[in-house]
Amino acid sequence: MTLSIQNIEKILHAKRFGGSNSTIDNVSIDSRSLQNNEKTLFFALVGPNNNAHIYISSLIEKGVLCFVVTHIPEELSNKATFLVVENTLDALQKFAAHHRSLFKFPVFGLTGSNGKTIVKEWLNFLLNPDFNIIRSPKSYNSQVGVPLSVISINDRHNLGIFEAGISKMNEMEKLETIIQPTIGIITNIGSAHDEGFEDLEKKIKEKLNLFKHSKLIIYQKNKVIDNLLESKIKAFSWSYSDETADVFVVKKAIDDKTILQIRYGKDNFEVQIPFQDQASVENAVTCLMVLLSFKYDKKSIQNRMQWLYPVEMRLKVKNGINNTTLIDDSYSSDFQSLKIALDFLESQKQYKNKTVILSDIFQSGLSNEELYSKVSQLITSNKINRVIGIGETISAFKHKFTNCVTFKNTADFFLNFNYLNFINETILIKGARHFQFEEIVAALEEKTHETVLEINLNSISHNLSFFKSKLKPTTKMMVMVKAFGYGNGGFEIAKLLEHHKVDYLGVAFADEGIALKIAGIILPIMVLNPETTSFSSIIQHHLEPEIYSLKGLNAFLKIAEKRKLKHFPIHIKLDTGMHRLGFEEENLDELISTLKGNKFVTVKSILSHMATSDDLEHQEFAHSQIDLFEKLSSKLMTELQIKPIRHTLNTSGISNFPQAQYDMVRLGIGLYGVSNNPEEQKFLENVGTLKSIISQIRSIKDGESVGYGRRFIADIPTKIATIPIGYADGISRHWGNGVGFVTINNQKATIVGSVCMDMLMADITEINCKEGDNVIIFGQSPTVTFMANQLQTIPYEILTSISQRVKRVFYRE
């Protein structure tokens, strides 16, 4: 795509200000992307808590010349080309719809509650021998993701597969004009986003708006869909139970596979797929329906379907050997997802040096010469230090990269593994499936035991946005990452928060902040409970201490004077009723006297801590704290003639006392998906899932016992699973002996006997499972809130108890 700014002006019906000679070949909405350049058209999107117009100045400094805006920042009017529109998101969608209209090949539009991304990836696998396919990268199916996907179509593509996701009424019509699908696919209709619709029928009706101009729609036969479908659209349905469907399916599980018996018209045949779970089988049948609609013969269908594979939809961050961080994207290699992965690499890099291990790239729609020229540009703009290419094609274009070594295949890479010297770097591992890059990940990954805490970075971003939506536009946000990010991982979460441009981070002790600064975090970090012995280190690492006593203040001033500091930022803590730390009202005059005229420090903020913000039965006390904070902080500001940031609200306070936002709020456990308010909890997403595996299964007889002290004695023949996680990993011993449970294959397995140091045992008598199967310790079920209630504690304790020997795996979907 190469367009003149004049053409774009006409497409968007925009008013142009500035030059007319610019051409663009890429579109961006992310000011943080290193891929932004002089050929970028930047759409300055405006959200409820973010306005990209404020980043235009820094983008101009980076070389971006063309912007789509709702208004021109006054000081920048002569520094770039601006296309002014009423709504920049509408303009982005209009631009994508115009681009889509230039191409006339078949396009699949996929919608549904579950399975869209898997069906899309499987269709790409099944159809790519015969088509040059453009598809949505990852799960780009939103009002923003869809236009960004469609804009990537080029002249060499001849088939499109795009997802469309909605969460409320009146969204699908916009996506339909962008995707313009000729063939519709409905995957499983479940409960996701039910809150945005009055009932199931209205939800389905809204989804069907995607297909109002489609020629064919593929779906699992459903009476609601049948009644809502327009007669002009040809329906192609399948069913397990309704023999009036176009395709009737009988499934039969054998070993780890499923045999699908297909009856289609006069044809009867069998197809084998390597899955047994219900969701995978349904998604596979949907793909089979597409092959039938494209007139593939039975033999081709059988040959291709048997090779379907589990789809990894997540970018994972893992600890690697020799002080490396790995970004695992080892199951895909296409140009669009490479751009996404490189942006993710930048947002999560822990080390200055960045290496990319990359396989041959397929289905770009570009000639190899053009493709690897573009890849080289991406590598350069993202400041990658080293490229390791694997594959015959990328080897042939090695000359396009600086500091590049290539290998014909993965086996050759391993022959030279010990000479590649992986150390102190962040490594993106991205390869097409048949290169088996999962073996590279396994070789580079730090070895730990099989229990992991998976951290969903998308959910953290969602929860952050949820709480930001409660704030006034001028209210700043500090996010607490103390206690190793509430047990979820300090640096990785801090890096994500820095990426989202929060204003401050908060830690409990200096060593937590020092570790973040050494790892490269630039954001200001406040230390809430600094010990006087840590003041020198705090100064050295540019942390900002909370000062809560005259003793502490005098000790810090003594060091500041000795080091000849000027205006070093400190934060004054007031005790308004928590009675834990802070200056009380009777200390205020002495505090003012000590600070007056002092040039060594600057009061960056004044804060307090609410004791009952989560308990509305104590509203009167909470209001008394807020009133006292107003009184004391105002006196400090008046006497010292300062205008610092003021903040007193924590997570619960943000929701329950919005009138007391002041200049900043402090978000804590809410970021991690936990709220004391059951109604609010519905809108938060689970962040951490603690997972393990079944190490061993044994059968015991009536009267036999399990574990120390024989605290469980079977009264019937019982199957027991041993799971390698125990109280040394942070699981309370009180969670054993029938109190708690784990989840195996979506079923509850009660914990029997005592929780041991390194393992626990669960009753799996009624569960179909095997050794090596995954076990959910907490996550969606049980939730940490449920566990806390059962154990008569709080979710904070559950999360922060998970030991450091449990590996944290960070991923983005």
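### Remarks on the packing of helix α11 (residues 335–348) against helix α12 (residues 368–381)
Two measures define how a pair of helices packs: the angle their axes make with one another and the distance between the axes. It is at 11 Å that the axes of α11 and α12 come closest, and there the two elements cross at 5°. In terms of their interaxial angle, α11 and α12 are classed as roughly parallel. The segment α11 lies against α12, with F335, L338, K339 and L342 engaging L371, K374, V375 and L378.

### Some points on the packing of aromatic side chains
This structure, assessed with the given rule, holds 25 aromatic pairs. Centre to centre, the rings of F466 and F467 are 5.2 Å apart; their planes meet at 85°, and the pair counts as edge-to-face. Between F556 and F568, the aromatic rings sit 5.7 Å apart at their centres with planes inclined by 50°, giving tilted as the arrangement. On the criterion of sequence distance, the pair formed by F556 in helix α21 (residues 550–562) and F568 in strand β28 (residues 568–573) is long-range, its members being 12 residues apart. For F556, a relative accessible area of 0% puts it in the buried group. By way of ring pairs, the aromatic residues F407, F413, F414, F417 and F422 are connected into one cluster. The ring of Y240 carries K251 above its face, with NZ or CZ at 4.6 Å from the centroid.

### Overview of the environment of G431
If you trace the backbone, G431 turns up in the loop between β22 (425–430) and α15 (438–444). A residue is classified by how much of its surface remains accessible, and G431, at 0% relative accessible area, is buried. When sequence neighbours within four positions are dropped, the list of residues in contact with G431 reads D329, S330, Y331, S332, S333, S359 and F437.

### Focus on empty space enclosed by the protein
A probe matching the size of a water molecule, rolled over the atoms, marks out where space remains unfilled. Taken as a whole, this structure holds 1 cavity of 30 Å³ or more when the rule is applied. Each pocket or cavity is described by its volume, and for the largest cavity that value is around 40 Å³. Lining the largest cavity we find I186, T187, N188, Q220, W238, E282, N283 and T286. Element by element, the count of residues in the lining of the largest cavity is highest for helix α9 (residues 278–293), at 3 residues.

### Topic: the pairing of β22
Of all 6 residues making up β22, 6 are buried, and the element is well covered by its neighbours. Burial along β22 is two-sided: E425, I427 and I429 facing one way and T426, L428 and K430 facing the other are all buried. Of the strand pairs in this sheet, strand β18 (residues 324–329) and β22 are connected by 5 bridges, and their pairing is parallel. For D329, the partnering residue across the bridge sits in β22 and is K430.

### Overview of unusual backbone geometry
With an omega of -5°, the peptide bond between S781 and P782 qualifies as cis. Its place among the elements puts P782 in the loop between β40 (774–778) and α26 (784–790). Backbone geometry at D255 places phi at a positive 55°, although glycine is not the residue there. Relative to the helices and strands, D255 resides in the loop between β14 (247–254) and β15 (257–264). For D255, a relative accessible area of 68% translates into the label exposed. A positive phi angle, close to 50°, is found at N403, a residue other than glycine. Within the secondary structure, N403 sits in the loop between α13 (392–396) and β21 (404–407). For N403, a relative accessible area of 52% corresponds to the exposed category.

About the cut-offs
Residues numbered from 1 in each chain as written. Predicted model: local features only at pLDDT ≥ 70, side-chain atom pairs only at ≥ 80, totals over all residues. Heavy atoms only, no water. Axes fitted to C-alpha atoms, helices over the stretch in contact; angles between N-to-C directions. Helix = DSSP H or I, 4+ residues; strand = E, 2+ residues; numbered from the N terminus. Parallel < 35°, antiparallel > 145°, perpendicular 65-115°, else oblique. Contact = heavy atoms within 4.5 Å. Phe/Tyr/Trp six-rings, centres within 6.5 Å; stacked < 30°, edge-to-face > 60°. Buried < 20%, exposed > 50% of the residue type's maximum accessible area, 1.4 Å probe, protein only. Lys NZ or Arg CZ within 6 Å of the ring centre and 35° of its normal. 1 Å grid on protein atoms, 1.4 Å probe; cavity = no way out; pocket = protein on both sides within 12 Å on 5 of 7 lines; lining within 4 Å. Points joined across faces, edges and corners; volume = space filled by probe spheres on them. Pairing = 2+ DSSP bridges.

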